[in-house]
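# What the coordinates show
One-letter residues, chain by chain:
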Amino acid sequence: QTGMCGLDPHDVYDAILIATDNQGAMTLRQFTTYVDSLLQDGEDQPQPSTHSLKRLLLQLFYALDNNNRGVVNSDDLTAVFVVLCRGSVPHKLRFLFEVFGTRGVDGLTRRQFWKYVRALLTGLVHLSSDGAGASDVRATLNASAVHMSSSVFDALPSGQDARIQYEQWENMFMHDVP
């Protein structure tokens, strides 16, 4: 429905990085320009779907604006957009795991994992909620991400360093979640 299902996650991420500042932040103006350029390829879409998509993406911007400053983080934005792109769920989760990690370092810290989970939950909830206000669910999503991160890190073998590898997360997610 969004017209983004044909886009490659890597291309979307690269375009987001180009559109953000050197701190990885994107203002509402930069976001609007980015969305307009993203949708130019879909100019043959009927006008109502383009307007609906812009409205949905604007709602996602505000949902990701955690400090209500009119700025979103490129990694959070990537998480939401990649969910809409082509590819299998495991491929998207692995790609986003790498996006949220420290470049050149294997695995995610507890804080990086929390951000990863929070961004995914925020995107999924707002994509499925049909316009629910960002402030209505932000605290719940954050608490859920904190709880999930804590549970995942508590389940790691004792003595393991403070990072989780994607394969461990995938195993927990695919096999250990009831």
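Rules used throughout
Residues numbered from 1 in each chain as written. Predicted model: local features only at pLDDT ≥ 70, side-chain atom pairs only at ≥ 80, totals over all residues. Heavy atoms only, no water. Axes fitted to C-alpha atoms, helices over the stretch in contact; angles between N-to-C directions. Helix = DSSP H or I, 4+ residues; strand = E, 2+ residues; numbered from the N terminus. Parallel < 35°, antiparallel > 145°, perpendicular 65-115°, else oblique. Left-handed = near helix turned anticlockwise from the far one by under 90°. Contact = heavy atoms within 4.5 Å. Nonpolar A, V, L, I, M, F, W, Y, C, P; charged D, E, K, R; others polar. Buried < 20%, exposed > 50% of the residue type's maximum accessible area, 1.4 Å probe, protein only. Phe/Tyr/Trp six-rings, centres within 6.5 Å; stacked < 30°, edge-to-face > 60°. Lys NZ or Arg CZ within 6 Å of the ring centre and 35° of its normal. Polar contact = N/O pair within 3.5 Å; in protein donor to acceptor, adjacent residues only side chain to side chain. Core = buried A, V, L, I, M, F, W, Y, C linked by side-chain atoms within 4.5 Å.

At a minimum axis separation of 11 Å, helix α1 (residues 9-19) and helix α5 (residues 89-100) run at an interaxial angle of 30°. In terms of orientation, α1 and α5 fall into the roughly parallel class. For the element pair α1 and α5, the recorded crossing hand is right-handed. Note on element contacts: α5 touches α1 through His91, Phe95 and Val99, opposite Pro9, His10 and Tyr13. Residues that form the contact of α1 with α5 fall into these classes: four nonpolar, two polar and no charged.

Turning our attention to the side chain of Thr122. With respect to the helices, strands and loops of the structure, Thr122 is situated in helix α6 (residues 110-128). Assessed through its relative accessible area of 6%, Thr122 is described here as buried. In contact with Thr122, not counting residues within four places along its chain, are Ala63, Leu64 and Leu141.

Tallied over the full model, the rule gives 12 aromatic pairs. An angle of 85° between the planes, with centres 6.4 Å apart, marks the rings of Tyr116 and Trp169 as edge-to-face. One end of the pair, Tyr116, is in helix α6; the other, Trp169, is in helix α8 (residues 166-176), with 53 residues separating them in the sequence. As far as the burial class goes, Tyr116 and Trp169 line up, both buried. The lysine or arginine in question, Arg118, covers the ring of Trp114, its NZ or CZ lying 4.5 Å from the ring centre.

The topology assignment puts Arg163 in the loop between α7 (134-154) and α8. A polar atom in the side chain of Arg163 sits 3.0 Å from the backbone oxygen of Gly107. Among the polar contacts made by the side chain of Arg163, one reaches the side chain of Gln112 at a distance of 3.2 Å.

Below, the discussion takes up the nonpolar core. If you look at the biggest cluster of nonpolar residues, it comprises 24 residues, and the most contacted ones within it are Phe97, Phe113, Tyr116, Ile164 and Trp169. Of all the secondary-structure elements, those providing two or more residues to this core are α4 (74-84), α5, α6, α7 and α8. Among residues more than four places away in sequence, those in contact with Phe97 are Gly107, Leu108, Phe113, Tyr116, Ile164, Gln165, Tyr166 and Trp169. Residues Phe31, Leu56, Leu57 and Leu64 belong to the second largest nonpolar core, which totals 21 residues.

In this structure, Asn68 is a non-glycine residue whose phi angle is positive, near 55°. Here Asn68 shows up in the loop between α3 (47-64) and β2 (71-73). A relative accessible area of 59% means that Asn68 is categorised as exposed.

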